[in-house]
Amino acid sequence: MVNTISARQLLRIRPDRRHRILDLREPEEFAKGHYPGAENYPFDEIKVWRKELPKDASYYLLCEHGSLALRAAGELTECGYTAAAVVGGYRYLP
């Protein structure tokens, strides 16, 4: 089962070294605007960047509608990471 959090729960998280928010959209979309403190890690490149992430952090995954975040959270969790998808994606952020 994939861990999820709501957009409201995401608002309580302060990004730092141990709590990272990963924006899975393409760089062009990220450049147009993104959640404060989010880092751009495009979903299409997950096989590359997931190997570079430290396992001692928690990851909160965000995409436009939530579906890619769910897939990525599942993949990261299977690889031993602590990850949660933001349900509904950017549509539900204030």
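Heads up: the structure comes first, above all this text.
Attention here is on the structure that accompanies the text.

Reading guide: rules and limits
Residues numbered from 1 in each chain as written. Predicted model: local features only at pLDDT ≥ 70, side-chain atom pairs only at ≥ 80, totals over all residues. Heavy atoms only, no water. Helix = DSSP H or I, 4+ residues; strand = E, 2+ residues; numbered from the N terminus. Buried < 20%, exposed > 50% of the residue type's maximum accessible area, 1.4 Å probe, protein only. Pairing = 2+ DSSP bridges. Right-handed = clockwise from strand over helix to strand, strands pointing away. Phe/Tyr/Trp six-rings, centres within 6.5 Å; stacked < 30°, edge-to-face > 60°. Lys NZ or Arg CZ within 6 Å of the ring centre and 35° of its normal.

## Overview of the side chain of E75
Part 1: Tracing the sequence through the fold places E75 in helix α4 (residues 67–78).
Part 2: A relative accessible area of 18% means that E75 is categorised as buried.

## Notes on the sheet that holds strand β5 (residues 82–86)
Part 1: An order of β1-β5-β4-β2-β3 is seen for the five strands of this open sheet, with the pairing classed as parallel. The sheet is open, and its two borders are formed by β1 (4–5) and β3 (39–40), each paired with just one other strand.
Part 2: Pairing between strand β2 (residues 19–23) and β3: two bridges, direction parallel. Within β3, the residue paired with L22 across the bridge is E39.

## Points about the pairing of β5
Part 1: Most of β5 is tucked away, with four of its five residues classed as buried.
Part 2: Of the pairings in the sheet, the one linking β1 to β5 comprises two bridges and is parallel in character. Its bridge partner being in β5, T4 is matched across the sheet by A85.
Part 3: In this sheet, β5 lies alongside strand β4 (residues 58–62) in parallel orientation, the contact comprising four bridges. Its bridge partner being in β5, L61 is matched across the sheet by A85.
Part 4: Regarding topology, α4 serves as the crossover connection from β4 to the parallel β5, and that connection is right-handed.

## Structural notes on the packing of aromatic side chains
Part 1: As enumerated under the stated definition, the model contains two aromatic pairs in all.
Part 2: When the centroid spacing of 5.1 Å and the interplanar angle of 70° are considered together, the rings of Y41 and W49 count as edge-to-face. The exposure classification of Y41 matches that of W49, with both residues buried.
Part 3: When the ring of Y59 is compared with that of Y81, the centres are 6.0 Å apart and the planes differ by 75°; the resulting orientation is edge-to-face. Placement of the pair is Y59 in strand β4 and Y81 in the loop between α4 and β5, with a sequence separation of 22 residues. Grouping residues by exposure puts Y59 and Y81 together as buried.
Part 4: Across the ring face of Y90, the terminal group of R25 is positioned such that the distance to the ring centre comes to 4.2 Å.
Part 5: Of note, K55 hangs over the ring of Y81, and the distance from its end group to the ring centre comes to 5.1 Å.

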